[in-house]
Amino acid sequence: MTIPTPSTQRPAQILVIDDEPDLRTLYELTLLREGYRVEAAGSVSEAWQYLEAGRFDAVITDMRLPDGQGMEIIHRIQKDQRSERCVVMTAYGSAENAVEALKAGAFDYLTKPVDLKQFRAVVASAVQARHAMPVAAKSAQAASAGGSSVLGALTPLGSLGASASDIGIAALDRLVGDSEPMRLVKSRIAKVARGMAPVLVRGESGTGKELVARAVHACSQRSEGPFVAVNCGAIPENLLEAEFFGAKKGSYTGSAQDRDGYFQAARGGTLFLDEIGDLPLAMQSKLLRAIQERSVRAIGSTQEDAVDVRIVSATHKDLHAEVQAGRFRQDLFYRLNVIEIAVPALRERREDLPALCAALLARIAQDGGLPVPLLSGDLLRRLSLHPLDGNVRELENLLHRAVALNDGDELHLDLMGGFTAAAEAAASAPAPLMPAFDAPSSAMTMAPLAPAAPAAASASASASALASTATLASPRPAPPPLPSDLQAYLDQQEREILVRALHESGFNRTAAAARLGMSLRQIRYRIARLGITTPNGDPTGDPHGDSSGEDGASSHADD
């Protein structure tokens, strides 16, 4: 795989560093056949003589050399801010060295014994990155300038028809926000896009992790290649291997023809593994091998196929804790987490709310063929008070609801589904006391249970319910100390709720069970286990003692 260069440009110059003469000659001849100009060195000192004498497009170095380590060359190239792309060759199984080299700034790595086809592909990628338009540099300048246009947030990348650098800048613009946390994220994207190091995007659900992954892809030299996004938690476990690595015809029931997997589909581009923390342990080991060896074996095949993909993964889980709990492989974690990008939660960048709302409303209006509604200052104030635990996804949901219920040009607060109003009412209303009992088996004096209602109750109903509860209860005292026996404490809380429901339903178990969302069998079991009795002393949990309450039906017929 040779990247053709225009006739006006000189052939790419490569420096190969290896202390084994036979391997050095093999690499040199392979690259000469590809049309490169090649210099070869056998030590760190000899390599620096070549580097001080001129510039190269790529440097391929062994990790262990007679007078030092290949890491020394990488560190010095980074320190002197030279433009050479470094490719490191490591011994089989030395994953730690490869990860260390990538973190130090290496473009890519190769595992010995080196496959020449893969060797040519990696060198071609490094040369392409060196000669391509400096997408990452322009993107970094745009990120530092803080330009986040609403137009960029709405324009599909594929429709731009512009240069690679324009695509990268547009991808960063899709990450709407000019706050300091977002500037740091954009700057880090522009930096990590230059190499091939795996990237782990970490953040809460709804923060825009896939947008970050797409921006990494768009700012890299692979922007013209495919971007394949995979939700690891949405694939049935028995289909994971076939989906990832492909399958041959007849390899399993229903396999009528050869099919490629995600790795083959992402050749020359980026493979985005979303929710990587949900991947089963058995599949984690297979994924680790595919990433380390740069090759996959389809189900039913006897040989492995080399794949050239960059891995970007994302998760909302704490993978450190998952590793400690034994639910995630430590070696895969270190292989994926070479470079980490932490996406801030929306509550950590509330100053971006106006720009986010404007961008989201413009997209919602565009999708629905509606005029863009006006944002009022009062609405923004209410949104700023909302917890927004669902981050940008929740914000988009709220704005969708507001637009759908809007009857004018300006959005109004009463169109937000009652969330903010109910939250404000709850914050201002005194909290009710927990129900108190004179004795374990006695009736109690308390506010009646509210009837079952839909989750999206109106704001006025929520406020009036809170107010009526507050009038029947005193302010909550200081919180009680932690219970010494948790199970006994939980049993007492469950018992109080059951007695309260029975009391309000006239000790009709069928009605009480319906109020609490459980079956008759379930409530009878709990009544018997907790020893709840009626006010006249009859055991409510006894099937034969419930003559007062099953709407004329005999107790034994309830089963």
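Here's a quick rundown of the structure.

A few points about the overall build of the protein
Consideration 1: When helices and strands are tallied, the protein shows 23 helices and 16 strands.
Consideration 2: For the protein, with 559 residues in total, the buried portion stands at 44%.
Consideration 3: In the protein, the share of contacts with a sequence separation of at least 24, taken over all contacts with a separation of at least 6, comes to 71%.
Consideration 4: Accessible surface, the protein: about 27400 Å² in total, of which carbon and sulfur atoms supply 53%.

Quick word on the sheet that holds strand β9 (residues 227-231)
Consideration 1: Strand order in the open sheet formed by 5 strands is β9-β10-β13-β8-β14, with parallel pairing between adjacent strands. At either end of the open sheet lies a strand with only one pairing partner, and these are β9 and β14 (339-342). For this sheet, the mean angle separating the axes of adjacent strands, direction not counted, is 20 degrees.
Consideration 2: Relative to strand β13 (residues 310-315), strand β8 (residues 199-202) runs parallel, the two sharing 4 bridges. Across the sheet, residue Leu-200 finds its bridge partner in β13, namely Ser-313.

What about the nonpolar core?
Consideration 1: Leu-175, Ile-189, Val-201, Val-212, Val-312 and Ile-341 are the most contacted members of the largest nonpolar core, which has 30 residues in total.
Consideration 2: For this core, the secondary structure elements donating two or more residues are α4 (95-104), α8 (164-173), α9 (180-192), β8, α10 (209-218), β13 and β14.
Consideration 3: Among the elements that take part in this core, α10 stands out by supplying 5 residues, more than any other.
Consideration 4: Every residue in contact with Val-201, bar those within four places of it in the chain, is listed here: Lys-209, Val-212, Val-312, Ser-313, Ala-314, Thr-315, Ile-341 and Val-343.
Consideration 5: Counting 29 residues, the second-largest nonpolar core is a separate cluster that includes Phe-244, Phe-245, Leu-273 and Val-323.

Brief notes about the environment of Val-312
Consideration 1: Here Val-312 shows up in strand β13.
Consideration 2: With relative accessibility at 0%, the residue Val-312 sits in the buried group.
Consideration 3: Here the alpha-carbon distance between Val-312 and Pro-198, two residues 114 residues apart in the chain, equals 5.7 Å.
Consideration 4: Every residue in contact with Val-312, bar those within four places of it in the chain, is listed here: Val-199, Val-201, Ala-213, Val-216, Thr-270, Leu-271, Phe-272 and Leu-273.

Section: the pairing of β8
When a strand is regular, its side chains alternate between the sheet's two faces.
Consideration 1: Pairing geometry for β8 and β14, over 4 bridges, is parallel. Bridge pairing links Arg-202 to Ala-342 in β14.

As for empty space enclosed by the protein
Consideration 1: Applying the stated criterion across every chain yields a total of 4 cavities of 30 Å³ or more.
Consideration 2: Lining the largest cavity we find 13 residues, and of these Pro-198, Ile-291, Arg-294, Val-309 and Ile-311 sit closest to its centre.
Consideration 3: Elements supplying a minimum of two residues to the lining of the largest cavity: β7 (108-111), α13 (281-293) and β13.
Consideration 4: Looking at the lining of the largest cavity residue by residue, the class counts come to 10 nonpolar, no polar and 3 charged.

Points about the sheet that holds strand β6 (residues 85-90)
Consideration 1: With parallel pairing, 5 strands are arranged side by side in an open sheet as β2-β1-β3-β6-β7. The open sheet has two edge strands, β2 (37-41) and β7, and neither has a second partner. The mean angle between the axes of side-by-side strands here comes to 20 degrees, regardless of whether they run parallel or antiparallel.
Consideration 2: Relative to β2, helix α2 (residues 44-53) is tilted by about 145 degrees, and along the sheet it contacts β1 (13-17), β2 and β3 (58-62).
Consideration 3: Here helix α3 (residues 70-79) sits on the sheet and contacts β1, β3 and β6; the angle it forms with β3, its principal contact strand, is near 150 degrees.

A few points about the pairing of β1
Consideration 1: Across the 5 residues of β1, 5 count as buried, placing the element largely inside the fold.
Consideration 2: Burial of β1 is two-sided: the residues Gln-13, Leu-15 and Ile-17 facing one way and the residues Ile-14 and Val-16 facing the other way are all buried.
Consideration 3: Of the pairings in the sheet, the one linking β1 to β2 comprises 5 bridges and is parallel in character. Within β2, the residue paired with Ile-14 across the bridge is Val-38.
Consideration 4: In this region the chain leaves β1, passes through helix α1 (residues 21-33) and returns to the parallel neighbour β2; the handedness of that crossover is right-handed.
Consideration 5: Examined bridge by bridge, β1 and β3 share 4 bridges and lie parallel to one another. Bridging across to β3, Leu-15 finds its partner in Val-59.

Considerations on unusual backbone geometry
Consideration 1: In this structure, Pro-113 follows Lys-112 across a cis peptide bond, with omega equal to -5 degrees.
Consideration 2: Looking at the secondary structure, you find Pro-113 in the loop between β7 and α5 (116-131).
Consideration 3: Residue Leu-388 is not a glycine yet carries a positive backbone phi of 50 degrees.
Consideration 4: Among the structural elements, Leu-388 can be located in the loop between α17 (377-385) and α18 (391-405).

Some details on the pattern of salt bridges
Consideration 1: Throughout the structure, instances matching the rule amount to 26 salt bridges.
Consideration 2: The residue Asp-308 makes a salt bridge to Arg-222 at a minimum N-O spacing of 2.4 Å. In this pair, Asp-308 is assigned in the loop between β12 (305-306) and β13 and Arg-222 in the loop between α10 and β9, connecting sequence segments 86 residues apart. One exposure class covers both Asp-308 and Arg-222, and it is buried.
Consideration 3: The partner of Arg-515 in a salt bridge is Glu-504, with the nearest N and O atoms 3.4 Å apart. Of this pair, Arg-515 sits in helix α22 (residues 509-516) while Glu-504 sits in helix α21 (residues 486-504), placing them 11 residues apart in sequence.
Consideration 4: With relative accessibility at 34%, the residue Arg-515 sits in the partly exposed group.
Consideration 5: When salt bridges that share partners are traced, they join Asp-491, Glu-494, Arg-526 and Arg-529 into one network.

Each value, and the rule that gives it
- Residues numbered from 1 in each chain as written.
- Predicted model: local features only at pLDDT ≥ 70, side-chain atom pairs only at ≥ 80, totals over all residues.
- Heavy atoms only, no water.
- Helix = DSSP H or I, 4+ residues; strand = E, 2+ residues; numbered from the N terminus.
- Buried < 20%, exposed > 50% of the residue type's maximum accessible area, 1.4 Å probe, protein only.
- Contact = heavy atoms within 4.5 Å.
- Areas by Shrake-Rupley, 256 points an atom, 1.4 Å probe, with all protein chains shown as cover.
- Pairing = 2+ DSSP bridges.
- Axes fitted to C-alpha atoms, helices over the stretch in contact; angles between N-to-C directions.
- Core = buried A, V, L, I, M, F, W, Y, C linked by side-chain atoms within 4.5 Å.
- 1 Å grid on protein atoms, 1.4 Å probe; cavity = no way out; pocket = protein on both sides within 12 Å on 5 of 7 lines; lining within 4 Å.
- Points joined across faces, edges and corners; volume = space filled by probe spheres on them.
- Nonpolar A, V, L, I, M, F, W, Y, C, P; charged D, E, K, R; others polar.
- Right-handed = clockwise from strand over helix to strand, strands pointing away.
- Salt bridge = Lys/Arg side-chain N within 4 Å of Asp/Glu carboxyl O.

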